[in-house]
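Here are the chains, one letter per residue:
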Amino acid sequence: MSKLYLVGTPIGNLGDISPRALQTLETVDFIAAEDTRVTLKLLRHFSIGTPMVSYYEHNQQYRGEQIVARILAGESCAVVTDAGMPCISDPGEGLVAQCAEAGIETVVVPGPSAVVSALCLSGIATGRFTFEGFLTVNRNGRLAHLEEVRNDPRTLIFYEAPHKLLRTLEDMLAVWGDRPLALCRELTKLHEEVIRTTLAEAVALYTSQSPRGEYVLVVEGAPPKEETPLSFEEAVAMVCSLQKGGLPTSQAAKEIAKETGYKKGDLYKAALEQFAASSDE
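Keep in mind that what you see is a predicted model, and the values were worked out from it rather than measured.

Visitor: I keep staring at helix H4 (residues 93–101) and nothing clicks. Help me out?
Guide: Every buried residue belonging to H4 is among Leu 95, Gln 98 and Cys 99, and all of these are buried. Viewed end-on, H4 has its buried residues packed into an arc of 95 degrees, placing them on one side of the element. Along H4, the residues that are exposed and aim more than 90 degrees away from the buried face are Glu 93, Ala 100 and Glu 101. Buried residues along H4 sit in contact with strand E1 (4–7), helix H3 (60–72), strand E4 (77–80) and strand E5 (106–109).

Next comes the structure, spelled out in structure tokens:
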């Protein structure tokens, strides 16, 4: 049955390609590549002669329709990006949606991911994270994006180009304050580097030297908010509020005691005294 295959390709080291990815690229009828010149180097290295079509940001709608038509006519297609997994900050997302709408089966052939690789190397919490992709070059839009995730407690992951790195770090520092981060560059390549530092130190570093290579930024999420415990008076007011809503004073005191840690008897007594005082007025 004709299918669409999402094939992960190396993010730097060609030795990271999987046997299944090679087999898929060899056996499909054609390959949809983000940049055919980049993919051609990969195919030539492994002596693969499968024909290609270009599939990138500015032609993905109409080219996607052509690809869908070819698959429906009986051909199989593998979609690849210049590096890593298709669909993740790279073309492919729209093609999957088009194929799904046309009833075409889509199969994933997993491969390297700069996002997950950087997260693993970062030394920052990995349990919960959010991938935010590339920030816009428009400063107002960039600041709005950073403000939107300012209080997110999850680890934040971004892609960034070297010529925009310093501006991005400066804006992150301005919006979030200083935080730990890992700057991961040239992952899996000869000059792979992971700098574990802080936003302030990173700004100082790249003010004095020019960044080189493509970066993945892994930034610690917002610290948990310190909850101010309720005062006894506030807890009593909550009991009175439930009481006014029709809940018996004893039950209201029991509920608020569970929430606040104050003793039920103390809350009950104080609520009755407050109720009596208000009745006398």
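The discussion continues.
Visitor: What am I meant to see in the packing of helix H9 (residues 232–244) against helix H10 (residues 249–260) here?
Guide: Closest axis-to-axis distance for the H9/H10 pair is 9 Å, and the angle between their directions is 140 degrees. In terms of orientation, H9 lies oblique with respect to H10. As for the relative orientation of H9 and H10, their crossing is right-handed in sense. For the pair H9 and H10, the contacting residues are Ala 235, Met 238, Val 239, Leu 242 and Gln 243 in the first and Thr 249, Ala 252, Ala 253, Glu 255, Ile 256, Glu 259 and Thr 260 in the second. Of the residues contributing to the contact of H9 with H10, the split by class is seven nonpolar, three polar and two charged.

Visitor: Whenever I open this one, the environment of Ser 210 confuses me. Can you help?
Guide: Mapped onto the elements of the fold, Ser 210 is located in the loop between helix H8 (199–208) and strand E10 (215–219). For Ser 210, a relative accessible area of 60% gives the class exposed. C-alpha separation for the pair Ser 210 and Ala 83, spaced 127 residues apart in sequence, amounts to 24 Å.

Visitor: Looking at this model, I keep getting lost on the nonpolar core. Mind explaining?
Guide: Taken as a class, soluble globular proteins show a tendency for nonpolar side chains to be buried jointly. If you look at the biggest cluster of nonpolar residues, it comprises 20 residues, and the most contacted ones within it are Phe 158, Leu 169, Met 172, Trp 176, Leu 183 and Leu 217. Of all the secondary-structure elements, those providing two or more residues to this core are strand E7 (155–160), helix H7 (162–176), strand E8 (180–185), H8 and E10. When residues in this core are grouped by element, the largest group, five residues, is from H7. Judged by nonpolar contacts, the second largest core, of 16 residues, contains Leu 25, Ile 31, Val 80 and Val 109.

Cut-offs and rules
Residues numbered from 1 in each chain as written. Predicted model: local features only at pLDDT ≥ 70, side-chain atom pairs only at ≥ 80, totals over all residues. Heavy atoms only, no water. Buried < 20%, exposed > 50% of the residue type's maximum accessible area, 1.4 Å probe, protein only. Helix = DSSP H or I, 4+ residues; strand = E, 2+ residues; numbered from the N terminus. Arc of directions from axis to C-beta. Contact = heavy atoms within 4.5 Å. Axes fitted to C-alpha atoms, helices over the stretch in contact; angles between N-to-C directions. Parallel < 35°, antiparallel > 145°, perpendicular 65-115°, else oblique. Left-handed = near helix turned anticlockwise from the far one by under 90°. Nonpolar A, V, L, I, M, F, W, Y, C, P; charged D, E, K, R; others polar. Core = buried A, V, L, I, M, F, W, Y, C linked by side-chain atoms within 4.5 Å.

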